[in-house]
Amino acid sequence: MGEKINILGAGLSGMVAAIDLARQGYEVTVLDRAARIGGSETLHPSVHGTPVKKERTWNYVGIDLSPCFHPVQDVRFYYGSNGYRIPPDGIYEVYAVERGNRESSLDSFIYQKAQEADVRFEFSRDIKSHRELPAGSIIASGLFPEMYDSLKVPYVQVHCYMLKFETDKPTEVVAYFDDYIGDYYYHGIVNGIFFGLLFQRMPFPRDALKRCQEFLEEREGLTGKDWKYINVWVPIASIRNPRLFAEDKILAGTISGMMDPMMLFGIVGAILSGKIAALAVYNREQAVKDFKYYNRNWRRNYINRRIFERLPFRVKIMEWMTFSGSERMRRSFLQSGKLAIPGVESYPVIKNIEKL
């Protein structure tokens, strides 16, 4: 038997790290607070849209995840009352991903790979302090605040309204920005699941959900009323994030801060950080180098976000720079944000824009 390694969290980053370490000959045990794979049953199943450089990412982590990344057939953006559609031939390298415990989810796919690698899982293990884990353990505890507090990682509360239901519509992603929303609304459809999320990093205005519902009913024909209010927590409260180590532990996934501070994209960062956390066990120098590389523009984009959220007419500015300006302007604006998402070296090319 090889050296024993404990990993807290059976999410994307924790399982990617576990697979890599098991392949290196370590005896790996993954601990998770949930009763089974798939994370929070309140939040999941969920759908996430994300750019990704598939071949480069799969080669780096050593797992081909292509079956779980579905090309988006339709993308629509709304800036206030103005809408734009990007048809299937107008955008590249944007995919929809399912999270949760269904067989079609990314979590279930990676879990199967972990079992094939002889990774051991212990569910219903609710560990709230890093001191309950041996030195050298990997902490990939996700969107919960207890471990942030334990490790003194600065974080913010994200307020969310969520809508889910089954559908037979094809894969799509819709995003809606407006001045009364601090972040944005989006929904994604994949594998027969509709998942919508209205979220921001501050309490909502009293009428925010009603206004969003009215807009979606008018422009998207979306009449779903069974919205649920939830909170998640993300470590983007300080320019000191991201971080690979905390005391004698290795961090991975959300708690490492390896996510986009502008729009809160996190799928690709979670996958990459799992590999980096595993590297930190057996090749610390390379892990530090890779972590710095993938997060090299994090601070710049953190500052950009803080500036942008204070701008008057910010939604109009975003609309103009994305769709209404010259092609050169669009490319410049999109390129400025491309490296906000760890591992996304270039933003998808957008063409054939249709005004709705």
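Structure first, text after, so check above.
The paragraphs below set out a description of the structure included in this document. (Residues numbered from 1 in each chain as written. Predicted model: local features only at pLDDT ≥ 70, side-chain atom pairs only at ≥ 80, totals over all residues. Heavy atoms only, no water.)

## So, the overall build of the chain
Thought 1: In terms of regular secondary structure, the chain is built from 10 helices and 17 strands.
Thought 2: For 356 residues, the compact-globule estimate of 2.2 N^0.38 gives 21 Å, and the chain sits close to it at 20 Å.
Thought 3: Judged by the C-alpha coordinates and their principal axes, the chain covers about 60 × 40 × 40 Å.
Thought 4: Within the chain, the proportion of its 356 residues that are buried is 58%.
Thought 5: Partitioning the contacts of the chain with sequence separation of at least 6, the portion at a separation of at least 24 is 72%.
Thought 6: With an accessible surface of roughly 15800 Å², the chain has 50% of that area assigned to carbon and sulfur atoms.
Thought 7: In the chain, the 47 positive side-chain charges and the 42 negative ones have mean positions that sit 6 Å from each other. (Helix = DSSP H or I, 4+ residues; strand = E, 2+ residues; numbered from the N terminus. Rg over C-alpha atoms; globule rule 2.2 N^0.38 Å. Buried < 20%, exposed > 50% of the residue type's maximum accessible area, 1.4 Å probe, protein only. Contact = heavy atoms within 4.5 Å. Areas by Shrake-Rupley, 256 points an atom, 1.4 Å probe, with all protein chains shown as cover. Lys, Arg positive; Asp, Glu negative; His and termini not counted. Charge placed at Lys NZ, Arg CZ, Asp CG, Glu CD.)

## A few points about the pairing of strand β12 (residues 184-190)
In the case of a regular strand, side chains alternate between the two sheet surfaces.
Thought 1: Burial analysis of β12 places seven of its seven residues in the buried class, which makes it a mostly covered element.
Thought 2: Of the two faces of β12, the one carrying Y184, Y186, G188 and V190 and the one carrying Y185, H187 and I189 are both buried.
Thought 3: Between the end of strand β11 (residues 172-177) and the start of β12, which pair antiparallel, lie six residues.
Thought 4: Relative to strand β13 (residues 193-200), β12 is paired through seven bridges, and the arrangement is antiparallel. In the sheet register, G188 faces β13, and the bridge partner there is F195.
Thought 5: Linking β12 to β13, which pair antiparallel, is a turn of two residues; within it N191 sits at a positive phi near 55°. (Pairing = 2+ DSSP bridges.)

## Digging into the sheet that holds strand β8 (residues 120-122)
Thought 1: In space, the six strands of this open sheet follow the order β8-β2-β1-β9-β16-β15, with mixed pairing throughout. The open sheet terminates on both sides in strands that have one partner only, identified here as β8 and β15 (245-246).
Thought 2: Relative to strand β16 (residues 249-251), β15 runs antiparallel, the two being bridged by two bridges. Residue pairing in the sheet places A246 in a bridge with K249 of β16.
Thought 3: Helix α1 (residues 12-23) contacts β1 (4-8), β2 (27-31), β8 and β9 (138-139) of the sheet and is inclined by roughly 170° relative to β1. (Axes fitted to C-alpha atoms, helices over the stretch in contact; angles between N-to-C directions.)

## Considerations on the packing of aromatic side chains
Thought 1: Evaluated as defined, the whole model comprises 23 aromatic pairs.
Thought 2: On the numbers, 5.0 Å between centres and 40° between planes, the contact of Y161 with F204 is tilted. Residue Y161 is located in strand β10 (residues 156-166), and its partner F204 is located in the loop between β13 and α5 (208-220); the two are separated by 43 residues in the primary sequence.
Thought 3: You can call F204 buried: its relative accessible area is 15%. (Phe/Tyr/Trp six-rings, centres within 6.5 Å; stacked < 30°, edge-to-face > 60°.)

## Things to note about the nonpolar core
Nonpolar side chains in soluble globular proteins tend to end up buried together.
Thought 1: Within the largest apolar cluster, 52 residues are counted, with the highest numbers of intra-cluster contacts made by I7, V28, L65, F69, L106, V119 and I271.
Thought 2: Examining the composition of this core, we find that 10 residues originate from one element, helix α6 (residues 267-282), more than from any other.
Thought 3: Dropping the residues within four chain positions of it, V28 is found in contact with I5, I7, A18, L21, A22, V119 and R120.
Thought 4: The next biggest cluster of nonpolar side chains, apart from the first, holds 34 residues, and it includes A96, C160, I193 and F199. (Core = buried A, V, L, I, M, F, W, Y, C linked by side-chain atoms within 4.5 Å.)

## Overview of unusual backbone geometry
Trans peptide bonds make up the majority, and among non-glycine residues the majority have a negative phi.
Thought 1: Cis rather than trans, the peptide bond between H44 and P45 has omega equal to 5°.
Thought 2: Relative to the helices and strands, P45 is located in the loop between β2 and β3 (46-51).
Thought 3: Even without a glycine there, the phi angle at D118 is positive, about 65°.
Thought 4: Tracing the chain through its elements places D118 in the loop between α3 (106-116) and β8.

## Some words on a nonpolar patch on the surface
Thought 1: Residues I239, I303, I307, L311, F313 and I317 make up a contiguous nonpolar surface patch of roughly 520 Å² in combined accessible area.
Thought 2: Mapped onto the elements, I239 comes out in the loop between β14 (228-234) and β15.
Thought 3: The class of I239 is partly exposed, set by a relative accessible area of 32%. (Patch = residues over 30% accessible without salt bridge, like charges linked within 9 Å, V, L, I, M, F, W, Y side chains within 5 Å. Salt bridge = Lys/Arg side-chain N within 4 Å of Asp/Glu carboxyl O.)

## Overview of the sheet that holds β3
Thought 1: What the three strands build is an open sheet, ordered β3-β7-β4; its pairing is antiparallel. Two strands lie at the open edges of the sheet, namely β3 and β4 (70-71), each paired on one side alone.
Thought 2: Sheet topology note: the β4/strand β7 (residues 94-99) ladder contains two bridges and is antiparallel. For H70, the partnering residue across the bridge sits in β7 and is A96.

## Points about the environment of L198
Thought 1: Tracing the sequence through the fold places L198 in strand β13.
Thought 2: Put simply, L198 and H159 are 39 residues apart on the chain and 8.3 Å apart in space, counted from C-alpha to C-alpha.
Thought 3: Beyond its immediate sequence surroundings of up to four residues, L198 is in contact with H159, C160, Y161, I181, Y184, Y185, F204, A208, L209, C212 and W227.

## Structural notes on the pairing of β13
Thought 1: Judged by how many residues are buried, β13 sits mostly within the fold: eight of eight residues are covered.
Thought 2: Examined bridge by bridge, β10 and β13 share eight bridges and lie antiparallel to one another. The partner of C160 across the bridge, within β13, is F199.

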